[in-house]
Amino acid sequence: MSTLDGVSEQQPSAPPERLTGRLKLVLVVLLVAQFMLAVDFSILNVALPAIGKGLGFSLGNLQWIATSFALAAAGFTLLFGRIADLVGRRRLFLIGLAVLGAASLLGGLAVNPETLLIARVAQGLATAAVTPAGLSLLTSSFPEGPLRSKALGLNGALMSAGFTTGAVLGGVLTDLLSWRWSFLINVPVALAVLIIAPTVISESRADDANRRDDANRGDDESRGDDESHGDDRARLDLPGALAVTVGLLSLVYGLTMAGEHGFGDPKALVGLILGVVLLVVFYFVEKGVPQPLVPVRILRRRSVIFGNLAGLFAFVTETSLVFLMTLYLQKVLGFSPLAAGLSFGVLGLGTVVGGVAAARVIGRIGTTPTLVTGGLVQAVATVALVGLGDSRSSMWLLLIATFVGGVGNMLVIVGFMVTATSGLPDAEQGMATGMATMSQQVGITMGTPIMSAIVTAHVGGSADPDVILAGVSVAVLVNALIVVAGVIMAALFLRTPRTPTRGIASERREDLARGTVESDAADNLRL
């Protein structure tokens, strides 16, 4: 047998370099699910007054419709990301979708506040399960490189477009039908994905990926790994899971209370301090357990830490900018909620353009330069919004700036997702996407309270449009400064080669091939 024949027999099949028919189906199913989840983040914003009136929520308790969802979605994301690695990503994805469909049906049929809040918590838990499981299915289905960048770009574009679509769709459904349809619309979509997904998406879990990695490294090393791993592969780090979940719940609760009552509120301070303390405890717990929820070696990787921080900044700024522009449109220009929601259609279009273009931009200039370029574009577009006036003639500026800012923001988001999930084996993709999703959820939750506190500090209780405009302008400027801080951080700490990485799978195949060639050559010499 020739040397080349030996290599071809032992070498794993090369990953596809173009989208096959099956990969297109996988991509469509996963994108539809992620789009639906993104819509759920904002679809109830416009409907809140109608829900309160229909079910008898007091004005003070109305916020819990959004807060209960945010607490569950952000608090349990990292835990469910790791569970997906252990029990199977497709399995958790399908279970989460089933829970989401059932919770949406329950919410649509709710007859009292308690039932609706139970439904919102269940929706949040389903989102915490489906989002990282779906993302890890996507990253493990598409090899690292151009295909994964393209898939993540489309995913990011549809998620941001879904957030914008939710605001518009919620207003349309509430005005034309009923607020209940903001829940019920999820049911047929979830059912369709549940029927199609098992036929096109293969199961994926950490143990399967570990076996592939062991095969790539060779039998001897595999046996050594088996002895070292033992039964630990299937274990969940319960102390770490408890610390990070309660820590995130406390942090999100504190941020929500700060948005309602200011950062000086005792509940906000207790929640924020407890959250920070528990996250520090989580770090030290991870250092001492044999099978951590998030290995400390990964927490020390620049691509993971600073990539996720870049994503956090991106979601903090863009989602809170929607809140600021909603204040401007309704309180300064006097737009109706539906008209204000429709105005963000241009922002959604910008995110779609940015998401579609992101893969090509990354392929041409690299991931970090794309992240930096997108941040600069977003910062310039955000600063331009400081020039908004008190007349409707300023709408042209708002529409252009939000479109351009949406393009830039999506370049940052796709760059962050590629950075935060690259260079890690398939066995850790659930954990990696769980961290990325956590950054997204916490960023979305953090942004509005921060900007709301800034506006409130300048406006107080005034309803004067000029005073509100001044407060919004200050908050917009702070928003732009946060974007710039993210750009500087990425430029300093995320230095990557110009040419995108080929991925660990291809490197391992090359190592295997070289090892086989060297082995055959040694055999020939011995003969």
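Computed from a predicted model, the values in this text were never measured in an experiment.

1. Regarding the overall build of the chain
- Along the backbone of the chain there are 23 helices and zero strands.
- With 527 residues in all, the chain has 55% of them scored as buried.
- Expressed as a percentage of contacts within the chain between residues at least 6 apart in sequence, the contacts between residues at least 24 apart total 83%.
- As presented, the chain carries roughly 22000 Å² of accessible surface, and 66% of it is formed by carbon and sulfur atoms.

2. Notes on the environment of G240
- Within the fold, G240 resides in helix α13 (residues 238–261).
- Between the C-alpha atoms of G240 and P292, which are 52 residues apart in sequence, the distance is 7.1 Å.

3. Points about the nonpolar core
- Core analysis: the largest hydrophobic core is formed by 88 residues, its most contacted members being F93, I201, L324, M325, Y328 and L329.
- Not counting the four nearest positions on each side in its chain, M325 is found in contact with F344, L385, L388, L398, V472 and V476.

4. Side note on helix α16 (residues 302–332)
- Here α16 contains 31 residues, and its C-alpha end-to-end distance of 43 Å stays within 8% of the 45 Å for a straight helix at 1.5 Å per residue.
- α16 sits mainly inside the fold: 23 of its 31 residues count as buried.
- Looking one or two residues beyond α16, the residue adopting positive phi is G334, at roughly 80 degrees.

5. Remarks on the packing of helix α6 (residues 89–108) against helix α7 (residues 113–141)
- Running from N to C, α6 and α7 cross one another at 155 degrees; their axes reach a closest spacing of 7 Å. Considered as vectors, α6 and α7 are oriented roughly antiparallel to each other. Both α6 and α7 take part in a crossing whose hand is left-handed.
- Looking at side-chain class alone, the contact of α6 with α7 contains 16 nonpolar, eight polar and two charged residues.

6. Some points on the packing of aromatic side chains
- Going through the model one piece at a time under the given rule, you end up with five aromatic pairs.
- Between F306 and F493, the ring centres sit 4.5 Å apart and the planes meet at 10 degrees, which makes this aromatic pair stacked. One end of the pair, F306, is in helix α16; the other, F493, is in helix α22 (residues 465–493), with 187 residues separating them in the sequence.
- Note on F493: relative accessible area 32%, which makes it partly exposed.
- Between F315 and F416, the aromatic rings sit 6.4 Å apart at their centres with planes inclined by 85 degrees, giving edge-to-face as the arrangement. On the criterion of sequence distance, the pair formed by F315 in helix α16 and F416 in helix α20 (residues 395–421) is long-range, its members being 101 residues apart.

7. With respect to the confidence of the model for the chain
- Per-residue pLDDT for the chain has a mean of 77; in total, 80% of the residues score no lower than 70.
- A low-confidence stretch, residues 1–14 stays under pLDDT 50, and its non-local contacts, those more than four residues away or across chains, total 19 contacts.
- In this model, residues 497–527 is a region of pLDDT below 50 whose contacts with residues beyond four sequence positions or in other chains number 37 contacts.

8. Focus: a positive patch on the surface
- Among the surface-exposed residues, K24, K150, R360 and R364 lie close enough to one another that they form a single positively charged patch.
- Residue position: K24 is located in helix α2 (residues 21–42).

9. Some thoughts on helix α5 (residues 77–87)
- Most of α5 sits out of view: nine of its 11 residues are buried.
- When we look at burial in α5, the residues that qualify are T77, L78, L79, F80, G81, R82, A84, D85 and L86.
- Remark: G88 follows α5 within two positions and exhibits a positive phi of approximately 120 degrees.

Cut-off values and rules
Throughout, a residue's number is its position along its own chain's written sequence, starting from 1. Only residues with pLDDT of at least 70 get local features here, since the model is predicted, and only at 80 or more are side-chain atom pairs given and counted; chain-wide, interface and lining totals rely on the full set of residues. Only heavy atoms go into the side-chain values, all of them from the structure, while hydrogens and water stay out. Secondary structure is summarised from DSSP: a helix means a run of H or I of at least four residues, a strand means a run of E of at least two, and numbering begins at the N terminus for each. Only protein chains enter the accessibility calculation, which uses a 1.4 Å probe; a residue whose area is less than 20% of its type maximum is buried, one above 50% is exposed, and one in between is partly exposed. We call two residues in contact whenever any of their non-hydrogen atoms come within 4.5 Å of each other. The method behind every accessible area is Shrake-Rupley, applied with a 1.4 Å probe, and residues are considered shielded solely by the protein chains displayed. In these notes, a set of buried Ala, Val, Leu, Ile, Met, Phe, Trp, Tyr and Cys residues joined through side-chain atoms within 4.5 Å is what counts as a nonpolar core. Expected helix span is given by 1.5 Å per residue-to-residue step, counting one fewer step than there are residues. In this analysis, axes come from line fits to C-alpha atoms, helices being fitted only over the stretch in contact, and the angle between any two N-to-C directions falls in the range 0 to 180 degrees. An angle below 35 degrees is read as roughly parallel, one above 145 as roughly antiparallel, one from 65 to 115 as roughly perpendicular, and any other as oblique. By definition, any crossing whose near helix is turned counterclockwise from its far helix by less than a right angle is left-handed, and any crossing with a clockwise turn is right-handed. In this classification, the charged set is Asp, Glu, Lys and Arg, the nonpolar set is Ala, Val, Leu, Ile, Met, Phe, Trp, Tyr, Cys and Pro, and all remaining amino acids, among them Gly, are polar. Aromatic rings from Phe, Tyr and Trp, with only the six-membered ring used for Trp, were paired whenever their centres fell within 6.5 Å, and each pair was classed as stacked if the ring planes differed by under 30 degrees, edge-to-face if by over 60, and tilted otherwise. The quantity called pLDDT is the predictor's confidence in a given residue, expressed from 0 to 100. Patches draw on residues past 30% relative accessible area with no salt bridge. Two like charges within 9 Å are joined, as are two nonpolar side chains (Val, Leu, Ile, Met, Phe, Trp, Tyr) within 5 Å. Put simply, a salt bridge is a Lys or Arg side-chain nitrogen that is within 4 Å of an Asp or Glu carboxyl oxygen. In this tally, Lys and Arg are treated as positive and Asp and Glu as negative; His is ignored, and so are the chain termini. The location of each charge is read from NZ of Lys, CZ of Arg, CG of Asp or CD of Glu.

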